[in-house]
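# Commentary on secondary and tertiary structure
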Amino acid sequence: MKMEWKPEEEGLRQILTLLKESQSPDTATQRAVQQKLEELNKYPDFNNYLIYVLTKLVSEEEPTRSLSGLILKNNVKSHYNSFLPEVAEFIKRECLSAIGDPSPLIRATVGIIITTIASKGEITSWPELLPLLCQMLDSQDYNVCEGAFGALQKICEDTAELLDSDALNRPLNVMIPKFLQFFRHSSPKIRCHAIACVNFFIMSRTQALMLHIDAFIENLFFLASDEDPDVRKNVCHALVLLLEVRLDRLTPHLPNIIEYMLLRTQDAEEAVALEACEFWLSLADQSICREVLGPRLPALLPVLVRGMRYSDMDVILLRGDRDDDADEEEPDRDADIRPRFHKPRSHTIKHNVGGGDSNMSGGGESDDEDDGGDTDSSLSDWNLRKCSAAGLDVLANVFGADLLPVLFPILKETLFHDDWVIKESGILALGAVADGCMVGMVPHLPDLVPYLVCCLSERKALVRSITCWTLSRYSHWIVSQSHDLYLRPVMTELLKRVLDNNKRVQEAACSAFATLEEEACTELVPYLGHILQTLVFAFGRYQHKNLLILYDAIGTLADSVGHHLNKPEYIGLLMPPLITKWNVLKDEDKDLFPLLECLSSVATALQSGFLPYCEPVFRRCVSLIEQTLNQNIANTQSPEQFDAPDKDFMIVALDLLSGLAEGLDGHINHLVLNSNLMQLLYQCMQDPMPEVHPVRQSSFALLGDLTKACFQHVHPYIPEFLPILGMNLNPEIISVCNNATWAIGEISIKLGPETSKYIPLVLNHLVDIINRPNTPKTLLENTAITIGRLGYVCPHDVAPVLQQFVRQWCTSLRNIRDNEEKDSAFRGICQMIQVNPGGVVADFMFFCDAVASWSHPKEDLKEMFTKILHGFKNQVGEENWRQFTDQFPMQLSARLSAMCGI
């Protein structure tokens, strides 16, 4: 029998002193404690002391004992594999003996240590753990049962996959039936643990659970009206998950479940109501939604709209009840500012109307889609209000106009209510259904939009801010109507709100205005003076958080009106405040991101108007790229000495340089000449992390733009650049592949016949991509254009494989607008057909269709089309040609005969 480990008095005293000191708020004391802990970790039995304090030292206060356990948990997490075997055994033994400690805090801490050991892969080498815990569930001592369940719940959460594998001999076959027995236990805490444990295995469709699925569902129904809110919450969560995974089993009960969820969505406990409200989001994804939920919309919609009201607590937190809500003097807290994500440049192509959307992210919708216009971080990010609004939004998409007869009475009652909280929820509801019910709403918008414009001057800031959001959701309609009736009043009032004295209203108005700009585009040109005056005035008033949104509104304005911004009076208004900010910000300040993005849009729009500002901006971008690359090298060589850089600085700088190259065109020449940009670009193109950091994506975009603007500086690097571009034609990483493809096309146009020697590096990849199923449209179009351009400069190199791509080529390019890229690509296909006419024979109808997609081809291109069509007709003879053209749709024949006289 070996001696049991015992602590020494002196060691224990030291550790207790340390634990007391670590609870001090003083940072210097904290640092000293950290250092001491590091030293103590060198003693093998330090961890024995920690577990001893946690499990045995009842004379100490609970928080101190629990802290000792949490330090032990961190040690287990970091160094468990180097613990001595007798230390590890001692800790495991002590944990199991203390699992039923009378204190809930100590039990929970012991449970955390057990699951941390288990998730270190130790669950396989601790075979007695699960059987022992399951056995403890049957203990007559409540504390032992609850402690064991708490530990099991943490283990199920952390190691669900491992538990369902052969590695452990499938313990779930025993555990799940065991958990189900406890659904009817007398203690709510135990019932709660039991459901939570089973819930971890629903999404993975664990076999052991699927065998008992009916018993599980039956037990859930039994607990449906449990008096404990946590139990009700877990029941709702289980039903939401089952709806996704085992709809077949729920279908017979759905009418009852819908009634139950209607009730729970109105639960007095917000946490339960929120969990139940998720059910409607989940149900909307199922094909049976219309059929099962249609009859209950009259019951559900009032519940959702009621859930969209601010609670009394929200109103206090948001200070919504004050009439004097000017808060723009109060400084922003850094914690309120959300991280922004830069969206790197992607080369896209303009479409004919109805040809779909070329925006990489899918529609131009804002990210706060279901945000309910409520971007306040002092409210928890996801709450009943947002979930209810999101629910109404998805249901509007499922039911469309059929939702409106049920919704209109609710809107009438809420929109015109005297209580501002109710009125505000009605305005939110009106915005939430905009996306799904637009067609049905149109007849009512001539009355609703002017009403909303009035609401923009309500006394309560929360009403003003939600109205901004709701108006922005209808901006597509507003822009398409008479300016005098709608666009002008909406714009005038929104711009007043941009200068509101309440920060939340400023933010909402600025975001809404950016959405309006995207929809209105050049329709805003007559109002540019007034818009710019307002936005520039806001510069002087906005604090940190809203400035970031203001940059976005200015950048979007530049994107929307383009070269119309290039007037001396506009430049004089806009550039001084932007450049002042630019000079104030330090190189390591993350606020540079939105400012650089904004300048990139402005530079592209102003074109030559940006010349006076371009040199310092260019130099700083190059320096940001260089600093980031250097810091990256330092970090790779000695990671303990140097932090890894934030590569976003480099990405945003590359994108601003692209904007300069595109806007200034040849004027960028001398700047590139006097810099080391090309060498830096060569390094960026080989950034090792394309998935996480789109450095390569932005590098290839810049390479394409520099090729167009000043090819003489790119030319010497082509032998190094093209192999890298060829290696990046991997369609799994869409955005990188897309920009690399586009850059190859731009280079080939400038390089001409010299491109021939590089074609073997890229052609096969491009043909693979164009033939790949489910390739995104933008990538298909760019690939087709680049193949066409390669064929334009080197027809003899590309024509032999014409047959492998011509059909996909024609279908990819039939929807894009006439432009330079399309022109060079079609010249290429014509030249390849002249070299290898046999390659197009089988797909000639697709070629005819693609030719007909042109509105106004240049004369010499039209001649090329005519020559090919007539040549084909003469080749096959009059009779065969007639049979062939008889298959054409009417419209196609008409367009071809008008264009080519055939």
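Our structure is the block above this text.
Criteria and thresholds
Residues numbered from 1 in each chain as written. Predicted model: local features only at pLDDT ≥ 70, side-chain atom pairs only at ≥ 80, totals over all residues. Heavy atoms only, no water. Helix = DSSP H or I, 4+ residues; strand = E, 2+ residues; numbered from the N terminus. Buried < 20%, exposed > 50% of the residue type's maximum accessible area, 1.4 Å probe, protein only. Contact = heavy atoms within 4.5 Å. Phe/Tyr/Trp six-rings, centres within 6.5 Å; stacked < 30°, edge-to-face > 60°. Disulfide = S-S within 2.5 Å. Patch = residues over 30% accessible without salt bridge, like charges linked within 9 Å, V, L, I, M, F, W, Y side chains within 5 Å. Areas by Shrake-Rupley, 256 points an atom, 1.4 Å probe, with all protein chains shown as cover. Salt bridge = Lys/Arg side-chain N within 4 Å of Asp/Glu carboxyl O. Expected span 1.5 Å × (residues − 1). Polar contact = N/O pair within 3.5 Å; in protein donor to acceptor, adjacent residues only side chain to side chain.

## Looking at the environment of Val315
Mapped onto the secondary structure, Val315 falls in helix α20 (residues 312–317). The exposure class assigned to Val315 is buried, which follows from its relative accessible area of 9%. Sequence-wise, Val315 and Tyr474 are 159 residues apart; in three dimensions their C-alpha atoms are separated by 27 Å. The contact partners of Val315, leaving out residues within four places of it in the chain, are Tyr310, Gly320, Asp321, Trp420 and Val421.

## Focus: the packing of aromatic side chains
Scanning the model with the defined rule gives 21 aromatic pairs in all. Taken together, a centroid distance of 4.8 Å and an interplanar angle of 65° make the contact between Phe593 and Phe649 edge-to-face. Here Phe593, found in helix α33 (residues 592–606), pairs with Phe649, found in helix α35 (residues 648–664); they are 56 residues apart in sequence, far enough to count as distant. Pair check on accessibility: Phe593 and Phe649 agree, each one buried. Judged by centre distance (5.6 Å) and plane angle (50°), the rings of Trp881 and Phe884 are tilted. Within this pair, Trp881 and its partner Phe884 are both found in helix α49 (residues 878–886), separated by three residues, close to a single helical turn.

## Let's talk about the state of the cysteines
Enumeration according to the criterion identifies zero disulfides in this entry. With no disulfide of its own, Cys621 lies closest to Cys614 among cysteine sulfurs, the gap being 11 Å. With relative accessibility at 0%, the residue Cys621 sits in the buried group. We note that Cys794 lacks a disulfide partner, and the nearest cysteine sulfur, in Cys830, lies 17 Å from it. Cys794 gets classed as buried once you look at its relative accessible area, which sits at 4%.

## What about helix α10 (residues 172–181)?
Of all the residues in α10, the buried ones are Leu172, Met175, Ile176, Lys178, Phe179 and Leu180. Buried-residue contacts for α10 involve α7 (129–136), α8 (142–158), α9 (160–163), α11 (188–199), α12 (207–211) and α13 (213–222).

## Things to note about a nonpolar patch on the surface
A cluster of nonpolar residues, Met313, Ile316 and Leu317, forms a patch on the protein surface that exposes about 320 Å² of accessible area. Take Met313: it is sitting in helix α20.

## A look at helix α14 (residues 229–245)
Between its first and last C-alpha atoms α14 spans 24 Å; for 17 residues at 1.5 Å apiece the expected length is 24 Å, and the two agree. For α14, the buried fraction is high: twelve of the 17 residues fall into the buried class. Those residues of α14 lying buried are Val231, Arg232, Asn234, Val235, Cys236, Ala238, Leu239, Val240, Leu241, Leu242, Leu243 and Val245. Packing partners of the buried residues in α14 comprise α11, α12, α13, α15 (247–250), α16 (254–264) and α17 (270–284). Of the residues flanking the start of α14, the one acting as N-cap is Asp228, its side-chain oxygen 3.0 Å from the backbone nitrogen of Asp230.

## Details of the pattern of salt bridges
Under the criterion given, the structure shown has 35 salt bridges. Of the charged contacts, one joins Arg65 and Asp101 as a salt bridge, the two residues approaching to 3.3 Å between their closest N and O atoms. With Arg65 in helix α4 (residues 62–79) and Asp101 in the loop between α5 (85–98) and α6 (104–122), this residue pair connects regions lying 36 residues apart in the sequence. In this structure, the salt-bridge partner of Arg814 is Asp849, at a minimum N-O distance of 2.6 Å. With Arg814 in the loop between α45 (802–813) and α46 (820–835) and Asp849 in helix α47 (residues 844–851), the pair connects residues that are 35 residues apart, well separated along the chain. You can call Arg814 partly exposed: its relative accessible area is 34%.

## Points about the environment of Tyr486
Residue placement: Tyr486 occurs in helix α28 (residues 483–498). For Tyr486, a relative accessible area of 10% corresponds to the buried category. For the pair Tyr486 and Ser475, spaced eleven residues apart in the sequence, the C-alpha separation amounts to 9.9 Å. Beyond its immediate chain neighbours, meaning those up to four positions away, Tyr486 contacts Pro446, Val449, Pro450, Trp477, Ile478 and Gln481.

Without other data, these values stay purely geometric and don't point to any function.
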